[in-house]
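The lines below spell out each chain.
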Amino acid sequence: MASTHHIDAALTRELRPPLSPELALLEADRCLGCGGPYAKAPCTLACPAGIDVPGFVAALADGDVEEAAQTIFAENLLGGTCSRVCPVEVLCQGACVLQHEGREPIAIGSLQRYATDAVLTSDEPRLRERAPATNRSVAVIGAGPSGMVCAGELAALGHKVIVFDEHDEVGGLVRYAIAPYREQLDPLPAEAAALTALGVEFRLGTPSSAPDALEAIAGADAVFLGVGLGADTNVPYPGDDLPGVWNSLPFIEAIKTGTPPRIGREVVVIGGGNTAIDVACEAIRMGAELVTIVYRRTRAEIPAYAHEVAEAEAEGVRFLWLAEPVRFLGTHRLDAVECRLMSLGEPDESGRRRPAPVNGSEFTLPADTVIKAIGQRPRTELTDWIDGIEFDHGALKIDPETGQTSNPRFFAGGDVTNRGASVVEAVREGKLAARAIDRWLSCTS
Ligand code: SF4
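What you see is a predicted model; the values in this text were computed from it and never measured. (Residues numbered from 1 in each chain as written. Predicted model: local features only at pLDDT ≥ 70, side-chain atom pairs only at ≥ 80, totals over all residues. Heavy atoms only, no water.)

Let's talk about the site of the ligand
Rule in force here: Here, proximity means that at least one heavy atom of the residue falls within 4 Å of the molecule or strand. In the cavity and pocket records, a cavity denotes points on a 1 Å grid over the protein atoms alone where a 1.4 Å probe fits but cannot get out, a pocket denotes an open set with protein on both sides within 12 Å along at least 5 of 7 lines, and lining residues are residues with an atom within 4 Å of a point. Cavity and pocket membership follows a simple rule, namely that a molecule belongs there if more than half of its atoms are within 2 Å of the grid points. The nonpolar class holds Ala, Val, Leu, Ile, Met, Phe, Trp, Tyr, Cys and Pro. Asp, Glu, Lys and Arg form the charged class, and all remaining residues, Gly among them, are polar.
The full set of residues close to the ligand is Cys31, Leu32, Gly33, Cys34, Cys43, Pro54, Cys96, Val97, Ile106 and Ile108. Cavity membership is defined here by more than half of the atoms lying within 2 Å of grid points; on that basis the ligand lies in the second largest cavity. Tallied by class, the residues present in the shell around the ligand amount to nine nonpolar, one polar and no charged.

If you want it as structure tokens, here you go:
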């Protein structure tokens, strides 16, 4: 059984730890400062938030950490969180010219963390200057990444912004569902404080159905929906109610809120997305001896990033390809997962080959804990209380250029519209919608 000591250690072992000042300077000095007045650097082009990477890295090389952080915050108000959770291997660092020359890419994520931490841990962290008040108001539903960024951008433009969230803390999925080895808590509280200083009002522990939220939503000039996705997709299996069977979101939330589950020696994770990888790597950090991800297709089809699959394997996670669970076995608690083999047939409408069970191929995997990381449900209940909005294949329909829904007073971004993409994609969408809301407010009275 994993000990508390193991779990405490796991919570402090970060994937992207802080750099020392000496290392940060040495690393920043390696940057070639690509791009120029007529062409952006490839690392900037690869950043969904559009951060001027050579600009902030050059400021670090000059020893001006404040300038570096302001360059980051100019494009990404959650630059501190993104420095920890961004898949930089497939974004900025993956595009770095040094990588394409066969050298180590610049450690952009770590340098971004170094710069933003310096400001966010200062006495009065400042993200932007605030424009004069406009007397226009926006209600933001959801204090996840898209809602926080949208709110901050609008507050900087002088609008009155109130953010409602049913949770008691900001951050949405970053706070409650991203594995602690990526981000446990910091810098979210400092980012929230800096947004508050910029003029954002957070009303936490307040669901959108609460009377003051309903009143603010009804009275706002515009509303941004950054409500994310719902609970885990419910795929029922016989034995679901055995102790030791978890859904991924409550499992990670339990760790992050200080009540880590006892996981035992053998852990089985079901699913193939980045959450499945997160959960499996976290289980290794919590002391599990054998962690197996069961995925019903092959490595070629898995939706998780290839580099994260490779990193998980390097950490000791085992992948069982072409297999799916049939039932969970045990009397008083989980003992094993019965699985069966799959084969791939013709492609479905998305182009992925359909898995089909192989008759008579059942086998059992011993397991103390099983975690289902199969996906999350769409928030289609929004259509019950907002006239005119529509969903398409589980995604809230928006104009991709503006984030505006088919009800013009409502805009949206983040997981509710993209069905679960990266945090930095939610940042991009929150920023885009904020600028569109600002333009829309200037055309309406
Ligand atoms: Fe620096 Fe690499 Fe970006 Fe060039 S591509 S500016 S070397 S980080």
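The rest of the description comes next.
Details of the sheet that holds strand 6 (residues 266-270)
To summarise the sheet geometry, strands pair through backbone hydrogen bonds and adopt either a parallel or an antiparallel arrangement. What counts, and what does not: Any two strands between which DSSP finds at least two bridges are classified as paired. Helix numbering and strand numbering both begin at the N terminus, where a helix is a DSSP run of H or I of at least 4 residues and a strand a DSSP run of E of at least 2. Axis definition: a line fit to C-alpha positions, over the contact stretch in the case of helices; interaxial angles, taken between N-to-C directions, run 0 to 180 degrees. What makes two residues a contact is simply this: any of their non-hydrogen atoms within 4.5 Å.
Strand order in the open sheet formed by five strands is 5-13-6-7-8, with parallel pairing between adjacent strands. Strand pairing shows two members of the sheet lacking a second neighbour, strand 5 (245-247) and strand 8 (318-320), which therefore form its edges. Taking the axes of each pair of neighbouring strands and ignoring which way they run, one obtains an average angle of 25° across the sheet. Its contacts with the sheet put helix 15 (residues 274-285) on strand 6, strand 7 (290-294), strand 8 and strand 13 (369-372), and the angle it makes with strand 7 is roughly 170°.

With respect to the packing of aromatic side chains
This is how it is decided: Centres within 6.5 Å make a pair out of two Phe, Tyr or Trp rings, where for Trp the six-membered ring is used; the pair is then stacked when the planes are under 30 degrees apart, edge-to-face when over 60, and tilted otherwise. Exposed residues in this analysis have more than 50% of their type's maximum accessible area, buried residues have under 20%, and partly exposed residues fall in between, with area computed by a 1.4 Å probe over protein chains only.
Scanning the entire structure with this criterion turns up five aromatic pairs. Ring geometry for Trp246 and Phe251: centres 5.8 Å apart, planes at 75°, overall edge-to-face. Between the aromatic rings of Phe411 and Trp440, the centroid separation amounts to 5.9 Å while the plane-to-plane angle is 70°, which identifies the pairing as edge-to-face. Of this pair, Phe411 sits in strand 16 (residues 410-412) while Trp440 sits in helix 18 (residues 423-443), and the two are 29 residues apart along the sequence. The exposure class assigned to Phe411 is buried, which follows from its relative accessible area of 1%. By the ring-pair criterion, three or more aromatic residues cluster together here, those being Tyr295, Phe319 and Trp321.

Structural notes on the nonpolar core
Note that soluble globular proteins tend to have their nonpolar side chains buried in a common cluster. What counts here: For this analysis, a nonpolar core means a set of buried residues of the types Ala, Val, Leu, Ile, Met, Phe, Trp, Tyr and Cys, connected via side-chain atoms within 4.5 Å.
In this structure, Phe56, Leu111, Met148, Val163, Leu195, Phe202 and Ile437 are the most contacted members of the largest nonpolar core, which totals 66 residues. The greatest single-element share of this core, amounting to eight residues, is contributed by helix 18. If sequence neighbours within four positions are ignored, Leu111 has contacts with Leu19, Ala24, Glu27, Ala28, Phe56, Val57, Leu60 and Ile106. Listed in part, the 28 residues of the second largest apolar core include Ala276, Ile284, Met286 and Ala288.

Some remarks on the pattern of salt bridges
Where we set the bar: Salt bridges are counted wherever a side-chain nitrogen of Lys or Arg sits within 4 Å of a carboxyl oxygen of Asp or Glu.
What the rule picks out here adds up to 22 salt bridges. For the salt bridge of Arg297 with Asp348, the shortest nitrogen-to-oxygen distance reads 3.8 Å. A residue pair is termed long-range when its members are at least 10 positions apart, and Arg297 in the loop between strand 7 and helix 16 (306-315) and Asp348 in the loop between strand 10 (334-347) and strand 11 (353-357) qualify at 51 residues. Overall, Arg297 belongs to the buried group, its relative accessible area being 5%. By relative accessible area, which is 18% here, Asp348 ends up buried. Salt bridges here are not isolated pairs; linked through shared partners, they connect Glu66, Arg126 and Glu129.

Here we look at unusual backbone geometry
The peptide bond linking Asp186 to Pro187 adopts the cis configuration, its omega dihedral lying at 10°. Topologically, Pro187 is positioned in the loop between helix 11 (173-176) and helix 12 (188-198). Even without a glycine there, the phi angle at Leu322 is positive, about 55°. The class of Leu322 is partly exposed, set by a relative accessible area of 25%. Phi is positive for His393, close to 50°, though the residue is something other than glycine. Mapped onto the secondary structure, His393 falls in the loop between strand 14 (391-392) and strand 15 (395-396).

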